[in-house]
Amino acid sequence: MVFQRRRCQSVSEPRQVLANVDNLSLAIVDFEGGGRSSVTFSPETGAVLRERKVREVPRAIEGTYLHLLPAAPPGQRFEGSMGLYLCSGHLAFFRRWGRGDNEGQWETTGFCTDLRWAQGPRLSMCLAFRDHGGYRVGISRVSRTPPELPQRSREAYKEDKWHKLYGDDDHPLAI
């Protein structure tokens, strides 16, 4: 799914994660339009990462992260539903642990960033898989209505609350 930056769009796209061998994340990126930035949500750690490639060779990435939801217990992989909601230039992420009759309640990061990080004119949504393995992920719904209406996260809009994060070819980023 591609988002046009110049329009206000309210889009929720829960993804059902049925099998997860390592760590997967939901990201929104500006790469398609020539940008070099992304915002990524890790449903397992509850963290949101803002990243920007500062150099191609050797590759260097700088970024910041903030834990807005509780992390999973050690060794537990995320299985359930996750999604994002983009409205009036602000982004929120959602997760719900479990599936079928064993689904938990929806949790949200709240609106955690605006789109100032994006450099390109188009935004794309993608899934990021850390390691090889048997992942099973599917789209369960595309809607203009989020699972619940998010509020603006006060913590996320305070720059001094975000932790610095750097990575290069020898030290890849992993949260």
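The structure displayed is predicted, hence computed values, not measured ones.

1. Let's talk about the packing of aromatic side chains
Here the distance between the centres and the angle between the planes together describe a pair of aromatic rings.
Thought 1: With the rule as written, the count across this model stands at four aromatic pairs.
Thought 2: Both rings, one in Phe 41 and one in Phe 93, keep their centres 5.2 Å apart while their planes meet at 15°; by these two values the pair is stacked. Of this pair, Phe 41 sits in strand 5 (residues 37–42) while Phe 93 sits in strand 9 (residues 90–97), and the two are 52 residues apart along the sequence. For the pair shown, Phe 41 and Phe 93 are each scored as buried.
Thought 3: Seen in terms of ring centroids, Tyr 85 and Phe 111 are 6.0 Å apart; in terms of plane orientation they differ by 35°. Their pairing is tilted.

2. Re the confidence of the model for the chain
Thought 1: Across the chain, the average pLDDT comes to 79, with 75% of residues at 70 or higher.
Thought 2: Within the chain, the element-level pLDDT minimum falls on strand 1 (residues 2–4), averaging 44, and the maximum on strand 10 (residues 107–114), averaging 95.

3. Let's talk about the pairing of strand 6 (residues 47–55)
Thought 1: Note: strand 5 against strand 6, six bridges, orientation antiparallel. Bridge assignment links Ser 42 to a residue of strand 6, and that residue is Ala 47.
Thought 2: The turn linking strand 5 back onto strand 6 is made up of four residues, and Gly 46 within it adopts a positive phi angle of 75°.
Thought 3: Relative to strand 7 (residues 60–67), strand 6 runs antiparallel, the two being bridged by eight bridges. Paired with Glu 51 across the bridge in strand 7 is Gly 63.
Thought 4: Here strand 6 folds back onto strand 7 in antiparallel fashion, the turn holding four residues.

Reading the values: the criteria
Residues numbered from 1 in each chain as written. Predicted model: local features only at pLDDT ≥ 70, side-chain atom pairs only at ≥ 80, totals over all residues. Heavy atoms only, no water. Phe/Tyr/Trp six-rings, centres within 6.5 Å; stacked < 30°, edge-to-face > 60°. Helix = DSSP H or I, 4+ residues; strand = E, 2+ residues; numbered from the N terminus. Buried < 20%, exposed > 50% of the residue type's maximum accessible area, 1.4 Å probe, protein only. pLDDT = per-residue confidence, 0-100. Pairing = 2+ DSSP bridges.

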